[in-house]
Amino acid sequence: MSSNSGIQIPSRLPLLCTHDGVLLPGSTMRISVDTARNMQLVKSRLLKGTSLKSTIIGVIPNTRDPEHDSDELPSLHSIGTAGLAVQVVGSNWPKPHYTLLITGLCRFRVTQPLRERPFPVAEVEQLDKLEQYTEGDQADGELGELSKRFYQAAVQLVGMLDMSVPVVAKLRRLLDSLPRETLPDVLASMIRTSNKEKLQVLDAVDLEERFKKALPLLTRQIEGLKLLQKTRKLRPDDDKRVLAIRKGGVFPGRQFSLDEEAEDEDGDDTAMLEKKVKAAAMPDAALRVCLKELKRLKKMPQSMPEYALTRNYLEMMVELPWSKSTTDCLDIRAARVLLDNDHYAMEKLKRRVLEYLAVRQLKSTLKGPILCFVGPPGVGKTSVGRSIARTLGREFHRIALGGVCDQSDIRGHRRTYVGSMPGRIINGLKTVGVNNPVFLLDEVDKLGKSLQGDPAAALLEVLDPEQNHNFTDHYLNVPFDLSQVLFIATANSTATIPPALLDRMEVLQVPGYTQEEKVEIAHRHLIPHQLEQHGLTPQQLQIPQDTTKDIISKYTREAGVRSLERKIGAICRAVAVKVAEGHKVSRAESPTEQHAVSHERSLNLSDQNTENKEEDSGIASPPEMPIVIDHIALKDILGPPIFEMEVSERLTLPGVAIGLAWTPLGGEIMFVEASRMEGEGQLTLTGQLGDVMKESAHLAISWLRSNAKTYLLTNGSADPLEGTDIHLHFPAGAVTKDGPSAGVTIVTCLASLLSGRLVRSDVAMTGEITLRGLVLPVGGIKDKVLAAHRANLKRVIIPKRNEKDLEEIPAHVRADLDFVFASTLDEVLNAAFDGGFPTAVSHPQVVSKL
């Protein structure tokens with residue numbers, strides 16, 4: 001466009017009707033072709049035309065929405081813009097669709113429509129005759145003043161923008177090179193205005209009127225920028241960068257817009273992320289990776305899928321506690337008091353924690369130990385881990401490993417996968433926010449294995465003090481120091497833990513509780529907790545120690561205290577019903593005569609229907625407080641006893657003996673029963689026995705047959721099994737049993753059967769046997785002895801080489817039991833029967849001189 005020669009357009013123009021914008025002279029705009037008439041214009045005129053004249057079309061604004069388009073041509077706006085079709089983009093599949101890039105040239109007036117089909121064509125009159133404005137510099141009066149004011153406002157607007165943006169710099173040059181008369185159209189198309197306001201500028205054919213219409217729009221944009229500049233908190237070096245420029249076009253190429261706030265916020269977020277990266281105090285290796293990713297992020301468009309992945313990675317890196325830690329509380333006396341208040345017994349665990357505190361006082365750079373608490377369920381392994389964290393003043397995080405069968409749960413996923421995320425170790429560190437927490441790896445013995453890898457193998461690096469200072473998560477792909485983390489693993493059994501993993505941990509056995517310890521735990525912790533949970537007070541409910549002992553012995557049989565806590569909760573609920581019903585009774589009624597609360601029948605569940613009827617009739621009274629639970633009320637609430645002490649009743653016939661077994665749930669007593677019948681000397685075994693226990697039964701039979709004469713078991717024949725079948729049964733047939741420790745019990749049971757003598761009813765035994773009659777040591781002695789003590793047995797026969805294991809048993813349990821240490825089966829038989837077991841010949845004991 002030149003200021004010395006006018007723009008000449010054809011007198012007849014095809015008309016493009018648009019509804020999504022207003023094209024002004026001097027601006028460029030993209031128009032979607034979405035009506036049938038416009039589609040015909042593009043196909044017939046623009047795509048087939050060969051001359052420059054064929055690319056000039058008329059753009060008529062403010063027409064009917066294409067969704068409501070009809071066959072009739074809508075009424076045309078009288079003023080339009082002649083435009084040059086710079087570009088046509090589109091295709092014919094799956095249906096024709098085109099987009100036009102049109103640059104406005106000048107205004108025209110529709111004088112007479114010529115045709116409507118296949119696209120509108122009209123006679124037009126050109127309105128912008130720029131020759132009359134070429135002497136604008138000498139123009140005086142109001143027009144000259146308006147032109148000067150408009151130019152100054154345009155310069156002020158551009159000055160408020162960031163000149164480092166190429167579009168802004170180009171606009172500043174255009175202000176000096178363009179004629180003043182074209183500025184209203186150019187700037188009105190750039191600033192934020194509505195279509196209605198742009199249409200008013202288009203209709204202003206008179207130049208003076210055009211300046212008056214566009215100047216308020218420009219002033220409003222300047223005031224908005226000033227207000228935004230005051231309200232936004234900017235960095236000192238960014239005073240001019242009030243807002244970024246959205247990359248649109250500018251005259252005469254692409255349109256320019258001031259709607260850019262989103263990009264500026266993104267720039268601020270990236271700068272804030274960079275500041276966080278530098279303030280995170282990362283190691284050099286991690287910092288180099290973050291800066292490299294940050295550099296890539298700045299060059300990456302937000303629309304790329306990798307943008308969100310990279311940003312999430314950087315946010316994870318800055319949130320990790322690379323150098324944040326808590327200060328340990330190293331007061332040993334305070335730690336001992338806190339541990340004693342939280343947990344009763346567990347002396348070995350408490351001693352290990354205090355040892356760690358003592359060494360930390362002497363050496364501040366001590367690596368965190370890797371502990372493994374092994375014991376039956378319900379003994380407090382998880383809760384003691386939480387107490388250790390509170391004692392040390394550290395953060396606590398629990399990771400449940402039961403059923404985990406994917407190594408990515410430990411090490412994380414590589415970032416090349418969709419939905420990748422770090423492993424549980426790194427996620428836990430992000431959650432607690434410090435690099436020296438207490439991590440509880442719960443149920444480490446229940447890890448699985450699948451096609452996705454072995455998580456137990458992934459834990460080898462985590463739980464190795466020589467390697468975990470350099471732990472590399474697949475997601476982070478940079479080393480992280482785990483040496484200050486105190487790892488505590490819990491397990492019910494070490495049998496399912498891989499040997500390599502078990503070797504890296506310090507195993508601390510957590511045995512089951514004795515009856516006295518359970519009573520103490522119940523009255524220190526369980527009963528107050530349940531009273532609080534059920535809204536009761538000690539003034540409303542009291543459970544004597546005798547009642548607690550009855551609950552332990554008759555309603556629970558476990559190594560821990562979970563079932564005990566549930567039974568106490570059942571008692572609290574029953575009392576809560578009575579207390580709540582008592583609150584509904586009228587206070588004016590006189591209570592019944594008081595009587596011994598321990599025998600009060602208000603808790604008798606069988607009488608509840610009668611009592612409810614009495615309450616409905618208004619004659620019931622509140623129960624006397626406090627409600628004391630005795631054995632009668634206990635039976636009413638919990639029902640008849642679940643477990644009975646049936647040891648003496650079951651030993652009324654020959655061929656029954658009591659063994660001791662170890663299970664992941666603690667020790668148990670196990671009955672072994674034998675019977676004989678006429679047959680061919682066969683041995684039948686029932687009770688879901690494993691291979692080792694079957695071999696023990698065969699060993700016992702072989703030893704008895706070889707020593708039948710010595711122990712007077714022949715009954716007139718050389719072989720005690722001649723013409724006789726033996727059936728051995730281990731009750732609780734649905735429970736799988738295995739292990740070598742039942743050997744001495746089977747021998748005793750068979751000796752009782754073949755001799756016709758009864759085994760003492762207060763004796764239990766455990767031990768492995770050999771063909772020579774030796775008794776070999778077994779494991780789980782403490783749990784087995786505690787099981788015998790719970791069953792009210794008085795004598796326990798154990799292998800002599802297990803004598804050292806009695807040191808772990810509480811003193812009051814050792815005092816209640818009579819221990820017999822046997823090295824041969826002869827000693828076992830003499831201790832298991834009243835008056836000993838008779839032999840034919842007394843063999844002098846041979847002392848080895850080797």
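Scroll up to find the structure this text is about.
Caption draft 1: Quick look at the pattern of salt bridges. Evaluation of the coordinates by the stated rule reveals 32 salt bridges. Put simply, E208 and K212 hold a salt bridge, and the shortest N to O gap is 3.6 Å. Of this pair, E208 and K212 both sit in helix α6 (residues 207–231), four residues apart, which is roughly one turn of that helix. Its relative accessible area of 23% is what places E208 among the partly exposed residues. Close ionic contact of E315 with R311 constitutes a salt bridge, the shortest N to O distance being 3.4 Å. Of this pair, E315 and R311 both sit in helix α9 (residues 305–319), four residues apart, which is roughly one turn of that helix. Its relative accessible area of 17% is what places R311 among the buried residues. A cluster of three or more residues bridged by salt bridges with shared partners is formed by E293, R296, E306 and R415.

Caption draft 2: How the structure looks around the side chain of T770. Turning to its location among the elements, T770 is positioned in the loop between β21 (768–769) and β22 (775–776). A relative accessible area of 18% means that T770 is categorised as buried. Here L774 takes part through its backbone nitrogen, which lies 3.2 Å from a polar atom of the side chain of T770. The contact partners of T770, leaving out residues within four places of it in the chain, are W703 and L776.

Caption draft 3: Just the packing of aromatic side chains, in detail. The full count for this structure, using the stated rule, is eight aromatic pairs. Ring centres 5.6 Å apart and planes at 70° place the aromatic pair F150 and F211 in the edge-to-face group. One end of the pair, F150, is in helix α2 (residues 141–159); the other, F211, is in helix α6, with 61 residues separating them in the sequence. Relative to F821, the ring of F819 has its centre 6.4 Å away and its plane inclined at 10°; by these criteria the two rings are stacked. On the accessibility criterion, F821 (25% relative accessible area) is partly exposed. Here R115 stacks its cationic end above the ring of F119, 5.0 Å away from the centre of that ring.

Caption draft 4: How the structure looks around the nonpolar core. Counting 50 residues, the largest nonpolar core has F373, I571 and I629 as the members making the most contacts within it. Element by element, the count of residues in this core is highest for helix α19 (residues 562–584), at eight residues. L273, L320, L401 and F480 belong to the second largest nonpolar core, which has 49 residues in total.

Caption draft 5: Spatial organisation of the packing of helix α4 (residues 183–190) against α6. As a packed pair, α4 and α6 sit with axes 10 Å apart at the nearest point and diverge in direction by 35°. In this structure, the crossing between α4 and α6 has a hand that is left-handed. Contacts between α4 and α6 involve P184, D185 and L187 from the former and R210, F211, A214 and L218 from the latter.

Caption draft 6: View of the packing of helix α10 (residues 332–342) against helix α11 (residues 347–362). At their nearest, the axes of α10 and α11 sit 10 Å apart, and the two run at 160° to each other. Taken together, the axis directions place α10 and α11 in an arrangement best described as roughly antiparallel. The handedness of the crossing between α10 and α11 is right-handed. Along its contact with α10, which presents I332, A335, R336, L339 and D340, the element α11 presents K350, V353, L354, L357, A358 and Q361. The class makeup of the residues in the contact of α10 with α11 is seven nonpolar, one polar and three charged.

Caption draft 7: Just unusual backbone geometry, in detail. Put simply, R117 and P118 share a cis peptide bond, and its omega is -5°. Take P118: it is sitting in the loop between β5 (97–115) and β6 (121–126). Omega for the peptide link from M625 to P626 comes to -5°, which places this bond in the cis form. Relative to the helices and strands, P626 is located in the loop between α20 (608–616) and β15 (627–628). Positive phi, close to 55°, is recorded for A281, a residue that is not glycine. The residue A281 is located in the loop between α7 (261–279) and α8 (284–298) in this model.

Caption draft 8: Highlighting the sheet that holds strand β12 (residues 486–491). Across the sheet, five strands lie side by side as β8-β9-β12-β7-β13; this open sheet has parallel pairing. Each end of this open sheet is capped by a strand with a single partner; those strands are β8 (396–400) and β13 (506–509). Each adjacent strand pair in this sheet contributes to an overall mean axis angle of 20°, direction not counted. Two elements, strand β7 (residues 370–374) and β13, share four bridges in a ladder whose sense is parallel. Opposite C372, over in β13, you have V507 as the bridge partner. Sitting on the sheet, α11 touches β7 and β13, and the angle it makes with β13 is about 145°.

Quick notes on the rules
Residues numbered from 1 in each chain as written. Predicted model: local features only at pLDDT ≥ 70, side-chain atom pairs only at ≥ 80, totals over all residues. Heavy atoms only, no water. Salt bridge = Lys/Arg side-chain N within 4 Å of Asp/Glu carboxyl O. Helix = DSSP H or I, 4+ residues; strand = E, 2+ residues; numbered from the N terminus. Buried < 20%, exposed > 50% of the residue type's maximum accessible area, 1.4 Å probe, protein only. Polar contact = N/O pair within 3.5 Å; in protein donor to acceptor, adjacent residues only side chain to side chain. Contact = heavy atoms within 4.5 Å. Phe/Tyr/Trp six-rings, centres within 6.5 Å; stacked < 30°, edge-to-face > 60°. Lys NZ or Arg CZ within 6 Å of the ring centre and 35° of its normal. Core = buried A, V, L, I, M, F, W, Y, C linked by side-chain atoms within 4.5 Å. Axes fitted to C-alpha atoms, helices over the stretch in contact; angles between N-to-C directions. Left-handed = near helix turned anticlockwise from the far one by under 90°. Parallel < 35°, antiparallel > 145°, perpendicular 65-115°, else oblique. Nonpolar A, V, L, I, M, F, W, Y, C, P; charged D, E, K, R; others polar. Pairing = 2+ DSSP bridges.

Interpretation note: all reported values are geometric properties and have no functional meaning in isolation.
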